[in-house]
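# Structural description and commentary
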Amino acid sequence: MKLLGIGSRIDHPEYGKGVVTNVSSKHYWVTFLENGLETIDLDADFEVIEGVEDEVDSVSFFDVERSLVKILEKWSDTHEKVAIADKWKGGKLILEPDDGTANKEMPIETFFHKIVMVRDRIRVMEQKINSSKNLEDQEKVYLQQYITRIYGSLTSFNVLFKTKSDHFVGERGKG
């Protein structure tokens, strides 16, 4: 079986006439005139109206994107998946001012996501400080003490995390 290239025109018994817009290891992605985008098996039954050769990527964009996401998840310290504690799922955060103005509400998951982003950014800053060639060792220790205090200030938010390993740890927790 010879693969059709991107731009090939086909006539499918169910979907009608269409053009191959992507090719993966198992499927053609075909945009049909009357049915829109569909994926069909490489060995599906259809008539080739006009075949185009040498226009096939051996790996589709989707495959590349999926692989890249897996690599980033595996090797990056930022944007790791952090679970919110079950009791907070679906909850909301309500900020109620004392001056009678309107309350501010947001889903607790949104607030939790922002806390996790703050934590990730502090970790990146910590890594940059520790790997800096422009700072003396004593300056690095001094800045690290501030970062430890920042983590300590954020321990109140630990109730939101599902697992203890995701908690903020300040000075007392490091010893």
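Before reading further, recall that the structure is shown in the block above.
Figured I'd write up the structure that's included with this text. (Residues numbered from 1 in each chain as written. Predicted model: local features only at pLDDT ≥ 70, side-chain atom pairs only at ≥ 80, totals over all residues. Heavy atoms only, no water.)

### A closer look at the overall build of the protein chain
- When you go through the protein chain residue by residue, the secondary structure sums to four helices and seven strands.
- Helices (α) and strands (β) of the protein chain occur, in sequence order from the N terminus, as β-β-β-β-β-α-β-β-α-α-α.
- Within the protein chain, buried positions represent 26% of all 175 residues.
- The contacts of the protein chain with a sequence gap of at least 6 include a subset with a gap of at least 24, amounting to 45%.
- For the protein chain, the accessible surface area stands at approximately 12,700 Å², while carbon and sulfur atoms represent 53% of it. (Helix = DSSP H or I, 4+ residues; strand = E, 2+ residues; numbered from the N terminus. Buried < 20%, exposed > 50% of the residue type's maximum accessible area, 1.4 Å probe, protein only. Contact = heavy atoms within 4.5 Å. Areas by Shrake-Rupley, 256 points an atom, 1.4 Å probe, with all protein chains shown as cover.)

### Digging into a nonpolar patch on the surface
- On the surface, Tyr142, Leu143 and Tyr146 cluster together to form a nonpolar patch covering roughly 290 Å² of accessible area.
- Here Leu143 shows up in helix α3 (residues 137-153).
- Given the relative accessible area of 31%, Leu143 is considered partly exposed. (Patch = residues over 30% accessible without salt bridge, like charges linked within 9 Å, V, L, I, M, F, W, Y side chains within 5 Å. Salt bridge = Lys/Arg side-chain N within 4 Å of Asp/Glu carboxyl O.)

### Some points on helix α2 (residues 108-131)
- An ideal rise of 1.5 Å per residue puts 34 Å on 24 residues; α2 measures up with 35 Å between its terminal C-alpha atoms.
- Inspection of α2 places Ile108, Phe112, Ile115, Val116, Arg119, Asp120, Ile122, Glu126 and Ile129 among the buried residues, and these make up the whole buried set.
- Turning to α2, the residues buried within the fold contact β6 (92-95), β7 (104-107) and α3. (Expected span 1.5 Å × (residues − 1).)

### Some remarks on the packing of aromatic side chains
- Applying the stated criterion to the full structure yields seven aromatic pairs.
- With 5.8 Å between their ring centres and 80 degrees between their planes, Phe161 and Phe168 make a pair best called edge-to-face.
- These aromatic residues form a ring-pair network of at least three members: Phe112, Tyr151, Phe161 and Phe168.
- Over the ring of Tyr146 we find Arg149, and its NZ or CZ is 5.2 Å from the ring centre. (Phe/Tyr/Trp six-rings, centres within 6.5 Å; stacked < 30°, edge-to-face > 60°. Lys NZ or Arg CZ within 6 Å of the ring centre and 35° of its normal.)

### Focus on the environment of His167
- Relative to the helices and strands, His167 resides in the loop between α3 and α4 (171-174).
- As for His167 and Arg119, which are separated by 48 residues in sequence, their C-alpha atoms are 9.7 Å apart.
- Once you skip the residues sitting within four places of it in the chain, His167 turns out to touch Asn158 and Phe161.
- A distance of 3.2 Å separates the side chain of His167 from the backbone oxygen of Asn158, its partner in a polar contact. (Polar contact = N/O pair within 3.5 Å; in protein donor to acceptor, adjacent residues only side chain to side chain.)

### Quick notes on α3
- Here α3 spans 25 Å end to end across 17 residues, near enough to the 24 Å set by a 1.5 Å rise per residue.
- What α3 keeps buried is the set Lys140, Gln144, Ile147, Thr148 and Tyr151. Burial along α3 is one-sided: seen end-on, the buried residues are contained in an arc of 105 degrees. The exposed set on the far side of α3, more than 90 degrees from its buried face, consists of Gln138 and Ser153. (Arc of directions from axis to C-beta.)

### Looking at the pattern of salt bridges
- In this structure the tally under the stated criterion is six salt bridges.
- For Asp120, the salt bridge identified is with Arg119, shortest N-O distance 3.8 Å.
- Look at Asp120 and you get buried, because its relative accessible area is 5%.
- Taking the relative accessible area as the measure of exposure, Arg119 reaches 1% and is therefore buried.

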